[in-house]
Amino acid sequence: MSDVMAAAARIRGLADATPLVPAALSDRLGVELLLKLELCQPTGAFKLRGAVNAVAQVEGPGVVCCSTGNHGRAVAFAARQRGLRAVVCLSELVPQAKVEGIRAQGAEVHLAGRSQDEAQVEATRLAEAEGLIEIPPFDNAHVIAGQGTIGLELLSARPDLEALIIPLSGGGLAAGIALAAKAIKPGIRIIGVSMDRGAAMAEALAAGHPVYVTEVASLADSLGGGIGLQNALSYPLCAALLDEVVLVSEAEIYRAMQAVFHAERLVAEGGSVVGIAALLAGKLKLTGPAATVLTGRNVDMAQFKRVINGEPVTLGALELEGQHHEP
Ligand SMILES: *Cc1c(COP(=O)(O)O)cnc(C)c1O
């Protein structure tokens, strides 16, 4: 908790404190739901918090990371603020819009391999070869503390929150928020939500140890990738602090992207709306006020337009049928 408080002071003015707004979907869901709008961050995703906190503590000429897109953009942004060199390693699964967002921040992009795991190997190689400091996307104390500042903001705005519904990939976000929120309010329920194909943290928690997963294309592209078989921090923290993990299908994510666009008038990535997908699918029973984090807005625009227009979407080998939005 003291690391999270220190992170809050360190990132002030560099990563934004974001709005917490009532969800228009609350009535339909029959529960008071609040949306933490991390998609309003200058880089379009919450990852700026952890990246700024970590990059602020770097001593050296530059940084390197692997990323499914949003962490790379955040590290590039944070490095540019400090005048440091940034190198970002990405797999072929990263959407072009995210690659361009990273280059626009002045970072060097290395396309390496077919999965986040392969991009990770390249990042570690470059760190050693070029004397760069590696900033991991989730399994790092500074990154987790930075993401935890969301938990501080949530509970200082609404101490009555009973549950937090958190998109879950490598678990830096969920671990940080859970650390802070449970320090303030031990009884609060923390629910992680992932897609039902290739959810590395969910599979690790079920197995009782980190496991290898095959990465597949998903509407929730930000949630892809392994957690690292040597995971040191985000896995044990999630194992200790998450009360529940829920999985949602691609069709449920598709419907949630539509619902968030039409009802909330927000552009949100698939990885952002998995909490809402779980609620709309009736997979979560809530009693009191709850919040979910809308984690990012860096959609692939062509795919996003297909979703909100109810058209079919191709995800690797999976052909997802079009679904018309019911108002
Ligand atoms: C990274 C990311 C997540 C998941 O965060 P983890 O710390 O890896 O669990 C969720 N949503 C978006 C948009 C992301 O970029």
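Computed from a prediction, not measured in an experiment: that's the story for all the values here. Per chain, residue numbering runs from 1 following the sequence as it is written. Restriction of local features to residues with pLDDT of at least 70 applies here, the model being predicted, together with a cutoff of 80 or more for giving and counting side-chain atom pairs; totals for whole chains, interfaces and linings are based on all residues. Only hydrogens and water are removed before side-chain values are computed, so all heavy atoms of the structure are retained for them.

Here's the deal with the environment of Val75
- With respect to the helices and strands, the residue Val75 is situated in helix 4 (residues 70-82).
- If sequence neighbours within four positions are ignored, Val75 has contacts with Ala51, Val63, Cys65 and Ile135. Numbering goes from the N terminus for both helices and strands, where a helix is a DSSP run of H or I of at least four residues and a strand is a run of E of at least two. It only takes one pair of heavy atoms within 4.5 Å for two residues to be counted as in contact.

A word on the packing of aromatic side chains
- Pairs were defined over the aromatic rings of Phe, Tyr and Trp, the Trp ring being its six-membered one, requiring ring centres within 6.5 Å. Orientation was assigned from the angle between planes: stacked under 30 degrees, edge-to-face over 60, tilted for the rest. As enumerated under the stated definition, the model contains 1 aromatic pair in all.
- Ring geometry for Phe261 versus Phe304: centroids 5.7 Å apart, planes at 80 degrees, classification edge-to-face. Separated by 43 residues along the polypeptide, Phe261 in helix 11 (residues 250-264) and Phe304 in helix 13 (residues 301-308) bring together distant segments of the chain.

Looking at the environment of Ala290
- With respect to the helices, strands and loops of the structure, Ala290 is situated in strand 10 (residues 290-294).
- Taking the C-alpha atoms as reference points, Ala290 and Ile188, 102 residues apart in sequence, are found 9.7 Å from one another.
- Discounting residues that sit within four places of it in the chain, Ala290 has contacts with Glu32, Leu33, Leu34, Leu161, Ala163 and Ile165.

A closer look at helix 3 (residues 48-55)
- Summary of the burial criterion: residues with accessible area below 20% of their type's maximum are buried, those above 50% are exposed, and those between are partly exposed, where the area comes from a 1.4 Å probe applied to protein chains only. Most of helix 3 is tucked away, with 8 of its 8 residues classed as buried.
- Within helix 3, burial applies to Leu48, Arg49, Gly50, Ala51, Val52, Asn53, Ala54 and Val55.
- Those residues of helix 3 that are buried lie in contact with helix 1 (2-11), strand 2 (33-37), helix 4 and helix 7 (141-157).

Some thoughts on the domain arrangement of the chain
- An automatic or database domain assignment supplies the start and end points of every domain. Segmentation of the chain into domains returns domain 1 (2-40 + 140-320) and domain 2 (47-134).
- When each unit is reduced to the centre of its C-alpha atoms, the spacing between domain 1 and domain 2 is 22 Å.
- Between domain 1 and domain 2, the contact holds 30 residues from the first and 21 residues from the second.
- Throughout, the accessible surface (probe 1.4 Å) given up by two parts as they are put together, summed over both, is called the buried area. Buried area between domain 1 and domain 2, both sides added, is near 2100 Å², and the carbon and sulfur share of it is 50%.
- By convention in these notes, a salt bridge is any Lys or Arg side-chain nitrogen within 4 Å of a carboxyl oxygen on Asp or Glu. Where domain 1 meets domain 2, there are 4 salt bridges.
- A salt bridge links Lys98 to Glu269, with the nearest nitrogen and oxygen atoms 3.0 Å apart.
- Polar contacts, as used here, are pairs of N or O atoms within 3.5 Å; protein pairs need one atom able to donate a hydrogen and one able to accept it. Residues neighboring in sequence count only if both atoms are side-chain atoms. In this structure, the connection of domain 1 to domain 2 is made through 17 residue pairs in polar contact (both at pLDDT 80 or more).

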